[in-house]
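Chain by chain, the residues run as shown.
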Amino acid sequence: MIEKLSTKAIVIFDIDGVVRDVSGSYRRAIADTVEYFTEQAYRPTPLDIDQLKSEGIWNNDWEASQELIYRYFAAQGQSREQLQLDYNAIVAFFQSRYRGTDPDNWTGYICDEPLLLQPRYLEELTQASIAWGFFSGATRGSANYILEKRLGLQSPVLIAMEDAPGKPDPTGLFATVRQLENGLDETPAIIYVGDTVADMYTVGKAREINPHRSWIGVGVLPPHVQETPARRDSYGETLLAAGATIVLSNVEELNSVKIQEIVNGH
């Protein structure tokens, strides 16, 4: 008799702000881009960027950069129609900062992103019969750079920007689950770990579309919001209000024991 595979839970991780600290890379590139296209008149603060992302629809950092540029000029009395921003130029400038100007050897901010988890953490989940993968709005190249080159993972399950519509659309989350469930004979609880309102909204939309499954959103506080208690508490409350079951300070706090507690209590 062939024994079917079984798993206690499926955990799917966002990457930016969860697996890697992007405050000095993606967020710095947003600020650089907005500053450049407003001719040095406006450089958004980390709080400005967080406030935009708290709206739950600006997961794509190129679009977020464009929106901040639009909003700056709108405050000066200029309409969007007047501006005629070149989105491709915004993307190209952003990438020149984030990846660098050499397309073959990345030299930009991506090279210095601190890791927020270690490979042994993922190995411990595997040993505890917990399946795991990644669903991120990052490009596949950027995501693989951190997962394969920096963390040394071998072909991890990954749904990236090119593979699915942007969050909070849950299509990519469903696709990640399908890959991880391949061969399972049961339908375990699904935990999505993210650091933004859009991540938590994605879980809520998945639950609306497929209410027969157990969908659990776990919030993680990105490093840049943990500099003051007030900022940390405010950001955590925002994630809880957006649907997070629990908010953690670091992804590695979500160990197998904590996962079992969350699943049992849900």
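Preceding block: the structure.
A.B. asks: Explanation requested: the nonpolar core in the structure shown.
C.D. replies: Inside soluble globular proteins, nonpolar side chains tend to come together where they are buried. Ranked by internal contacts, the top residues of the largest apolar core, which has 57 residues, are Phe 13, Phe 134, Val 193 and Leu 254. Residue contributions to this core peak at seven residues, all from helix α3 (residues 61-75). When neighbours within four sequence positions are excluded, Phe 13 is seen to be in contact with Val 18, Val 19, Tyr 121, Leu 122, Leu 125, Trp 132, Gly 133, Phe 134, Phe 135, Tyr 192, Val 193 and Val 251. By size, the runner-up hydrophobic cluster in this structure holds 18 residues, among which are Phe 174, Val 177, Leu 180 and Tyr 192.

A.B. asks: Can you walk me through the packing of aromatic side chains in this structure?
C.D. replies: In this description, an aromatic ring pair is defined by two values, namely the gap between the centres and the angle between the planes. As enumerated under the stated definition, the model contains 14 aromatic pairs in all. Each ring, one from Phe 13 and one from Tyr 121, has its centre 6.1 Å from the other, and the planes form 70°; the classification is edge-to-face. One end of the pair, Phe 13, is in strand β1 (residues 9-13); the other, Tyr 121, is in helix α6 (residues 119-127), with 108 residues separating them in the sequence. Of the two residues, Phe 13 and Tyr 121, both sit in the buried class. Site record: aromatic cluster; members linked through ring pairs are Phe 13, Tyr 121, Trp 132 and Phe 134.

A.B. asks: Help me out: how do you make sense of the pairing of β1 in this one?
C.D. replies: Every other side chain in a regular strand lies on the same face of the sheet, so the side chains alternate between the two faces. For β1, the buried fraction is high: five of the five residues fall into the buried class. As judged from the five bridges shared by β1 and strand β2 (residues 130-135), these two strands associate in the parallel manner. Considered in β2, the bridge of Phe 13 is made with Phe 134. With five bridges connecting them, β1 and strand β4 (residues 189-194) associate as parallel partners. Counted as the bridge partner of Ala 9 is Ala 189 from β4.

Cut-offs applied
- Residues numbered from 1 in each chain as written.
- Predicted model: local features only at pLDDT ≥ 70, side-chain atom pairs only at ≥ 80, totals over all residues.
- Heavy atoms only, no water.
- Core = buried A, V, L, I, M, F, W, Y, C linked by side-chain atoms within 4.5 Å.
- Buried < 20%, exposed > 50% of the residue type's maximum accessible area, 1.4 Å probe, protein only.
- Helix = DSSP H or I, 4+ residues; strand = E, 2+ residues; numbered from the N terminus.
- Contact = heavy atoms within 4.5 Å.
- Phe/Tyr/Trp six-rings, centres within 6.5 Å; stacked < 30°, edge-to-face > 60°.
- Pairing = 2+ DSSP bridges.

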